[in-house]
Amino acid sequence: AQSVTQLDSHVSVSEGTPVLLRCNYSSSYSPSLFWYVQHPNKGLQLLLKYTSAATLVKGINGFEAEFKKSETSFHLTKPSAHMSDAAEYFCVIQGAQKLVFGQGTRLTINP
Amino acid sequence: DSGVTQTPKHLITATGQRVTLRCSPRSGDLSVYWYQQSLDQGLQFLIQYYNGEERAKGNILERFSAQQFPDLHSELNLSSLELGDSALYFCASSEGLTSGNTYEQYFGPGTRLTVT
């Protein structure tokens, strides 16, 4: 079965510093992976997706993620955090007919 | 704005009652998915419909049911409600089926259900 593990439940960074949100996946075949963001009291928004094309995927709002098969990882990064990035981030893997979500990482941005 | 609409935004009801949550997918999307988000279980897939037919089931209780109508909108029915059913219920839509293809899912704003 497909699964993802988000390694940090909470990450706190200062505004203007880099962001790293870690995700490991488990899959018996080449996976499709996503990162979604959920701002407080909002629905989920797709940040980026990996579908076996380029291993470095660029998303919206300056986020990107790198697929590393050897490490079974799909970490999300951003060079410089902005206050508006404060939200819950979900690493997601596509299973059969459904998406499987990680437990989420809450990102806090300190001024 | 994802283009997926859900009504109502908030719902407060008592234990034992029945409620219906409604979802309208993005224009042109044939697949509708329902998810439940709670503090203890996280985000869980409940059920998927494609063009009116049930296609996949996740962790959906027998007290819950769903359907997709000819105009492609979907309803999630929750009955004999318990306190533990309090959660945020999301609807998502995509162009087609996910199996064998990668279709992005677009999420609605959710319906927050509180059972008292």
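Before any of the text, the structure's been laid out above.
Here the residue numbers are simple positions, counted from 1 along each chain's written sequence. Key to labels: chains lettered from A, ligands numbered from 1, both in the order written. Residue-level local features of this predicted model are given only where pLDDT is at least 70; pairs of side-chain atoms are given and counted only at 80 or more, and the full residue set underlies all totals for whole chains, interfaces and linings. To obtain the side-chain values, all non-hydrogen atoms of the structure were used and water was disregarded.

Sulfur atoms of two cysteines make up a disulfide when they are within 2.5 Å. Applying the stated criterion to the full structure yields 2 disulfides over all chains. Disulfide pairing places A:Cys23 opposite A:Cys91 at an S-S distance of 2.0 Å. Linking A:Cys23 and A:Cys91, the disulfide has an S-S dihedral of approximately -65° and is accordingly described as left-handed. One end of the pair, A:Cys23, is in strand β4 (residues 23-26); the other, A:Cys91, is in strand β10 (residues 87-94), with 68 residues separating them in the sequence. Given the relative accessible area of 0%, A:Cys23 is considered buried. Exposure remark for A:Cys91: the relative accessible area of 0% places this residue in the buried category. The disulfide that involves B:Cys23 links it to B:Cys91, with 1.8 Å between the sulfurs. In this text, helices come from DSSP runs of H or I with a minimum length of four residues, and strands from runs of E with a minimum of two, each type numbered from the N-terminal end. Remark: exposure states derive from per-residue accessible area (1.4 Å probe, protein chains only) relative to the maximum for the residue type, with buried under 20%, exposed over 50%, and partly exposed in between.

Attention now moves to the interface of chain B and chain A. Interface size, as often reported, equals the accessible area lost upon joining of the parts. Every residue pair with non-hydrogen atoms within 4.5 Å of one another is taken to be in contact. Between chain B and chain A, the residue contacts involve 24 residues of the former and 19 residues of the latter. Once two parts are brought into contact, the accessible area they lose, counted with a 1.4 Å probe and summed over both, makes up the buried area. Between chain B and chain A, the buried area comes to about 1700 Å², and carbon and sulfur atoms account for 53% of it. Nitrogen and oxygen atoms within 3.5 Å of one another constitute a polar contact, given that in protein one can donate a hydrogen and the other can accept it, and given that sequence-neighbouring residues count only through two side-chain atoms. Here chain B is connected to chain A by 3 residue pairs in polar contact (both at pLDDT 80 or more). Elements supplying a minimum of two residues to the side of chain B that touches chain A: β4 (31-38), β5 (42-50), β6 (53-57) and β9 (87-94) of chain B.

Turning our attention to the packing of aromatic side chains. Residues and elements named next belong to chain A. Pairing of aromatic rings covers Phe, Tyr and the six-membered ring of Trp, with a centre-to-centre limit of 6.5 Å; geometry is then stacked below 30 degrees between planes, edge-to-face above 60, and tilted otherwise. Taken as a whole and judged by the stated rule, the model has 14 aromatic pairs over all chains. A ring pair is formed by tyrosine 50 and phenylalanine 67, whose centres lie 4.1 Å apart and whose planes are at 15°; its orientation type is stacked. Here tyrosine 50 is found in strand β6 (residues 44-50), whereas its partner phenylalanine 67 is found in strand β8 (residues 64-68), with 17 residues between them in sequence. Judged by relative accessible area, which is 8%, phenylalanine 67 ranks as buried.

Once that is clear, we can look at the environment of B:Phe90. Along the chain, the position of B:Phe90 falls in strand β9. Sequence-wise, B:Phe90 and B:Gly42 are 48 residues apart; in three dimensions their C-alpha atoms are separated by 12 Å.

Any two side chains of opposite charge can pair, so long as their charged atoms come close to each other. Residue and element names in this part refer to chain B. Any Lys or Arg side-chain nitrogen found within 4 Å of a carboxyl oxygen on Asp or Glu counts as a salt bridge. Inspection of the entire model under this criterion finds 8 salt bridges over all chains. Glutamate 82 is paired through a salt bridge with arginine 63; the nearest N and O atoms lie 3.7 Å apart. Within this pair, whereas glutamate 82 is found in the loop between β8 (74-78) and β9, its partner arginine 63 is found in the loop between β6 and β7 (64-68), the two being separated by 19 residues in sequence. Here aspartate 85 and arginine 63 are joined by a salt bridge, their closest N and O atoms 2.8 Å apart. Of the two residues, aspartate 85 sits in the loop between β8 and β9 while arginine 63 sits in the loop between β6 and β7, which places them 22 residues apart along the sequence. Residue aspartate 85 shares its accessibility class with arginine 63, and that shared class is buried. Salt bridges here are not isolated pairs; linked through shared partners, they connect Arg63, Glu82 and Asp85.

Note that every value here comes from positions in space, so none of it alone points to a role or purpose.
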